[in-house]
Amino acid sequence: MNILRNSLAVVAASALLGLTAACSGGQTAVCEEATKAFTDYSSKAAGAAGDIKGLNAATSDLAAQLKELSGKADGDLKVTLTGLADSWGSFKIDLSDPAAATKLAESGQKAIQATQQLASACS
């Protein structure tokens, strides 16, 4: 469980660092809200130590926030936020699933790619 939680925290922290460095341009407010969403998620994920339901709820909340932000954005930023919302929305920890670690790695990779696109869209 700690590996899963730590992996999610690393992905979220990577996203946060990319966004912090990249928020500029015409849609700064949306980028700042996305940064806040990732900051909040990192705090919630850290606070959900040993609580799979809490971690899944925090991940679901992040996906919902990103989806909402995509409605406020235009162009590449909108597409990127939608991709992030889909990536985080499709992730759920299920310890009874023997492929959980593989799914985590795939979701983490997708999230990293999407956050790189988000950083680019916000620059």
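These numbers were taken from a predicted model, which means no experiment stands behind them.

A few words on the overall build of the protein. Across its full length, the protein carries 5 helices and 0 strands. Going residue by residue from the N terminus, the α and β elements of the protein occur as α-α-α-α-α. Scored against the burial criterion, the 123 residues of the protein give a buried share of 38%. Contacts spanning at least 24 positions in sequence make up 71% of the contacts within the protein whose residues lie at least 6 apart. Carbon and sulfur atoms make up 55% of the accessible area of the protein, which amounts to about 6300 Å² in all.

As for its position among the elements, Tyr41 is in helix H2 (residues 28-47). Residue class for Tyr41 comes out buried when judged on its relative accessible area of 2%. Here the alpha-carbon distance between Tyr41 and Leu62, two residues 21 residues apart in the chain, equals 6.3 Å.

Enumeration over the complete set of coordinates arrives at 2 aromatic pairs. When the centroid spacing of 6.0 Å and the interplanar angle of 70 degrees are considered together, the rings of Phe38 and Trp88 count as edge-to-face. Of the two residues, Phe38 sits in helix H2 while Trp88 sits in helix H4 (residues 75-89), which places them 50 residues apart along the sequence. Trp88 gets classed as buried once you look at its relative accessible area, which sits at 3%.

Oppositely charged side chains may form a pair once their charged atoms are brought near each other. Per the counting criterion, the structure on display carries 3 salt bridges. Lys36 serves as the salt-bridge partner of Asp40, at 2.8 Å between the closest nitrogen and oxygen. Highlighted residues: Asp40 and Lys36, both in helix H2, separated by 4 residues, approximately one helical turn.

Turning our attention to H2. The end-to-end C-alpha distance of H2, which contains 20 residues, comes to 29 Å, matching closely the 28 Å that a straight helix rising 1.5 Å per residue would cover. All of the buried residues in H2 are Val30, Cys31, Ala34, Thr35, Ala37, Phe38, Tyr41 and Ala45. Here the buried residues of H2 occupy an arc of 155 degrees about the axis, which is enough to place them on one side.

The share of residues in the protein with pLDDT of 70 or more is 75%, and the mean pLDDT across the chain is 76. Per-element mean pLDDT across the protein ranges from 54 in helix H1 (residues 2-22) up to 90 in helix H3 (residues 52-70).

Among the secondary structure elements, Thr28 is positioned in helix H2. Considering only alpha carbons, one finds Thr28 and Ser123, 95 residues apart in sequence, at a separation of 8.8 Å.

How each quantity is defined
Residues numbered from 1 in each chain as written. Predicted model: local features only at pLDDT ≥ 70, side-chain atom pairs only at ≥ 80, totals over all residues. Heavy atoms only, no water. Helix = DSSP H or I, 4+ residues; strand = E, 2+ residues; numbered from the N terminus. Buried < 20%, exposed > 50% of the residue type's maximum accessible area, 1.4 Å probe, protein only. Contact = heavy atoms within 4.5 Å. Areas by Shrake-Rupley, 256 points an atom, 1.4 Å probe, with all protein chains shown as cover. Phe/Tyr/Trp six-rings, centres within 6.5 Å; stacked < 30°, edge-to-face > 60°. Salt bridge = Lys/Arg side-chain N within 4 Å of Asp/Glu carboxyl O. Expected span 1.5 Å × (residues − 1). Arc of directions from axis to C-beta. pLDDT = per-residue confidence, 0-100.

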